[in-house]
Amino acid sequence: MQIVILKNAAEVAAYGADIFEKQLNRKAESVLGLATGSTPVALYQNLIEKNRCGDISFKDAVTFNLDEYLGLEGTHPQSYRFFMNEQLFNHVDINKDHTHVPPGNAKNPVEACQEYEAQIAAAGGIDVQLLGIGRNGHIGFNEPSSGLTSRTRVKTLTKETIDDNARFFSADEYQPHLSITMGIGTILDAKKVVLLATGENKAEAVKATVEGPLTASCPASALQLHRDAVIVIDEAAASKLDNIEFYKHIEAENQKLQAHLASL
Ligand SMILES: N[C@@H]1[C@@H](O)[C@H](O)[C@@H](COP(=O)(O)O)O[C@@H]1O
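Residues numbered from 1 in each chain as written. Predicted model: local features only at pLDDT ≥ 70, side-chain atom pairs only at ≥ 80, totals over all residues. Heavy atoms only, no water.

As recorded by an unreviewed UniProt entry, the protein chain carries the name Glucosamine-6-phosphate deaminase and is attributed to Pseudoalteromonas luteoviolacea DSM 6061. Regarding the protein chain, the UniProt comment filed under Sequence similarities (unreviewed entry) reads as follows: "Belongs to the glucosamine/galactosamine-6-phosphate isomerase family. NagB subfamily." (UniProt positions renumbered as here; feature names shortened; annotations may be inferred.)

K.L.:
Describe unusual backbone geometry, listing the residues and the values that go with them.
P.N.:
For Ser-145, which is not a glycine, the phi torsion comes out positive at approximately 90 degrees. With respect to the helices and strands, Ser-145 occurs in the loop between strand 6 (128-131) and strand 7 (153-156). (Helix = DSSP H or I, 4+ residues; strand = E, 2+ residues; numbered from the N terminus.)

K.L.:
Can you explain a nonpolar patch on the surface? Please cite residues and give values.
P.N.:
A cluster of nonpolar side chains, namely Leu-257, Leu-261 and Leu-264, defines an oily patch on the protein surface of about 320 Å² accessible area. Residue placement: Leu-261 occurs in helix 9 (residues 244-263). What makes Leu-261 partly exposed here is its relative accessible area of 45%. (Patch = residues over 30% accessible without salt bridge, like charges linked within 9 Å, V, L, I, M, F, W, Y side chains within 5 Å. Areas by Shrake-Rupley, 256 points an atom, 1.4 Å probe, with all protein chains shown as cover. Salt bridge = Lys/Arg side-chain N within 4 Å of Asp/Glu carboxyl O. Buried < 20%, exposed > 50% of the residue type's maximum accessible area, 1.4 Å probe, protein only.)

K.L.:
Describe the sheet that holds strand 3 (residues 62-65), and please don't skip the residues or the numbers.
P.N.:
Across the sheet, seven strands lie side by side as 1-10-9-6-2-3-5; this open sheet has parallel pairing. The open sheet has two edge strands, strand 1 (2-6) and strand 5 (99-100), and neither has a second partner. Pairing of strand 6 with strand 9 (residues 192-197), which is carried by four bridges, proceeds in the parallel orientation. Pairing of Val-128 across the sheet is with Lys-192, part of strand 9. The sheet contacts of helix 1 (residues 9-26) involve strand 1, strand 2 (31-34), strand 6, strand 9 and strand 10 (229-234), and relative to strand 10 the element is tilted by about 155 degrees. Where helix 4 (residues 109-122) meets the sheet, it contacts strand 3 and strand 5, and its direction lies at approximately 150 degrees from that of strand 3. (Pairing = 2+ DSSP bridges. Contact = heavy atoms within 4.5 Å. Axes fitted to C-alpha atoms, helices over the stretch in contact; angles between N-to-C directions.)

K.L.:
Give a description of the packing of aromatic side chains that names residues and reports values.
P.N.:
In the structure shown here, the tally under the stated rule is six aromatic pairs. Ring geometry for Tyr-69 and Phe-169: centres 5.7 Å apart, planes at 80 degrees, overall edge-to-face. Here Phe-169 lies in the loop between helix 5 (159-165) and strand 8 (178-181) and Tyr-69 lies in strand 4 (residues 67-69), a separation of 100 residues in the sequence. Ring geometry for Tyr-80 against Phe-141: centres 5.8 Å apart, planes inclined by 15 degrees, an arrangement best described as stacked. One end of the pair, Tyr-80, is in helix 3 (residues 80-87); the other, Phe-141, is in the loop between strand 6 and strand 7, and 61 residues separate them in sequence. The pair formed by Tyr-80 and Phe-141 is uniform in burial state, with each residue classed as buried. A network of ring pairs unites the aromatic residues Tyr-69, Tyr-80, Phe-141 and Phe-169 as a single cluster. (Phe/Tyr/Trp six-rings, centres within 6.5 Å; stacked < 30°, edge-to-face > 60°.)

K.L.:
Kindly report on the UniProt feature "site: Part of the allosteric site" (unreviewed entry) in the protein chain, identifying the contributing residues and their values.
P.N.:
Sequence positions flagged by UniProt for "site: Part of the allosteric site" (unreviewed entry) are, in local numbering, Ser-146, Arg-153, Lys-155 and Thr-156. Ignoring sequence-local partners within four residues, the contact set of Arg-153 consists of Cys-113, Asn-142, Ser-146, Gly-147, Ser-179, Ile-180, Thr-181, Met-182 and Gly-183. Side chain to side chain, Arg-153 and Ser-150 meet in a polar contact 3.3 Å long. In this structure, Thr-156 sits in strand 7. Since its relative accessible area comes to 53%, Thr-156 is described here as exposed. Filtering out sequence-adjacent residues up to four positions away, Thr-156 remains in contact with Glu-143, His-177 and Leu-178. (Polar contact = N/O pair within 3.5 Å; in protein donor to acceptor, adjacent residues only side chain to side chain.)

Below, the structure is given as structure tokens:
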């Protein structure tokens, strides 16, 4: 894992956005794996700005979102489809027909999961997958105990996740307890994975992801198996790590190596 520790959430968003900028400029028809939650919002704002300035284009890009609430239509304001339209798709030059979010309104959710996997495969697999992380270490909606090789499927949310996400729903509004989510195996198949985490309330989950054992109890720890996983965190989210100085040292050396390679 590459561990990048930055000063604050704004730097984390900018660093993450640069990875997507490089990817799109290297391959216009990139297949991007996208995420919801509050953490990626600032990264999406960076991408909107880069698109507005002409630094990047989504014209030929294809996207797949990690997850969706089961039981919500894409027009529901708390659905992840609605979120993606509002936070990114409506503001960039992407073809909406090329954007995919698991169908929360699927009549047959089991078949819909298989179909989603088939669509990812038909697109050639995901080039870069963006991830946030739950306080319990979940990625997508892969809650603790999720199989480390799992594929897209229906998952039941933990009480902790439901409570954490309750802030987005009004008191009298139905909040789903089920989701469709890419599996951990689906995520690990992406060529590159970028996990963003900011704030002290993610410090415990980041510690378990980076320095804990590989375990289904912390689904994000599965990224230890990935050959190109980048964990981009701010000082607050890094605060419980044992080896902060070492990670900073590695990253400084990594930057030097990249500069050298670029000069060749
Ligand atoms: N399914 C999403 C996750 O993909 C996201 O990582 C998590 C953390 O969200 P936030 O970034 O708001 O802390 O929330 C939800 O549960």
